[in-house]
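# Tertiary structure, described
Below are the chains, spelled out letter by letter.
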Amino acid sequence: MSEQIMKLKEQEVAGLSEKFSKAKGIVLVDYRGMTVAEDTALRNEMRKNNVEYKVVKNRIMLRAFEKAGYTGLEDVLQGTTAVAISYDDPVTPAKVLSDNAKKINKTALKGGVIEGSVMDEKAIKSVAAIPPKTVLLSQLVGLLTSPMRSLAVGLSEVAKKQSA
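Calculation rules
- Residues numbered from 1 in each chain as written.
- Predicted model: local features only at pLDDT ≥ 70, side-chain atom pairs only at ≥ 80, totals over all residues.
- Heavy atoms only, no water.
- Helix = DSSP H or I, 4+ residues; strand = E, 2+ residues; numbered from the N terminus.
- Buried < 20%, exposed > 50% of the residue type's maximum accessible area, 1.4 Å probe, protein only.
- Core = buried A, V, L, I, M, F, W, Y, C linked by side-chain atoms within 4.5 Å.

Here the phi dihedral of Asn-50 falls at roughly 60°; this positive angle occurs in a residue that is not glycine. Looking at the secondary structure, you find Asn-50 in the loop between helix H2 (36–48) and strand E2 (52–55). A relative accessible area of 48% means that Asn-50 is categorised as partly exposed. In the Ramachandran plot, Glu-115 falls in the positive-phi region, its phi being about 50° despite a non-glycine side chain. When you line up the elements, Glu-115 lands in the loop between strand E4 (108–114) and strand E5 (117–120). Classification of Glu-115 as exposed rests on a relative accessible area of 54%.

Next comes the structure, spelled out in structure tokens:
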């Protein structure tokens, strides 16, 4: 291999490693069997959700993960692999890819890194099942206000009985 090609690969590893270090959520997916139209739709969905999606050679990705300090992904980086990277929300790439896998039944989650923790396929699927942050916050508010609402209704009923 020429020295120029080696330098290009080293630069690619360095750039990808930097992205992995900054990312909150990284999900690896097997994209085998997707049509061009399905891939285009997936890429558009990723862009809409502010997720970077690209196909990278497994060896380059493995070196970038190692450089970023993540190990244990050797078994995952086999066959066709694409990577989805989110710098904002750790759950978004898993959720978008999981929804896509259910829709077209051709892609398969392989593993990834969420908030600095290396996760296998099962863990990534669990993360994908978590409701969006806005839904979780509204559920929390509902749980917090429920006892107060019950107390207010109870006090109101007591006040009505005493005034009658």
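This brings us to the nonpolar core. Most often, soluble globular proteins keep nonpolar side chains buried together rather than apart. Counting residues in hydrophobic clusters, the biggest one holds 20 residues, and the most contacted among them are Phe-20, Leu-28, Met-61, Phe-65 and Val-83. Sorting the residues of this core by element identifies helix H1 (3–22), strand E1 (25–30), helix H3 (58–68) and strand E3 (82–86) as the ones contributing at least two each. No other element matches the six residues that H3 contributes to this core. Membership of the second largest hydrophobic core comes to 19 residues, among which are Val-27, Met-34, Val-91 and Val-96.

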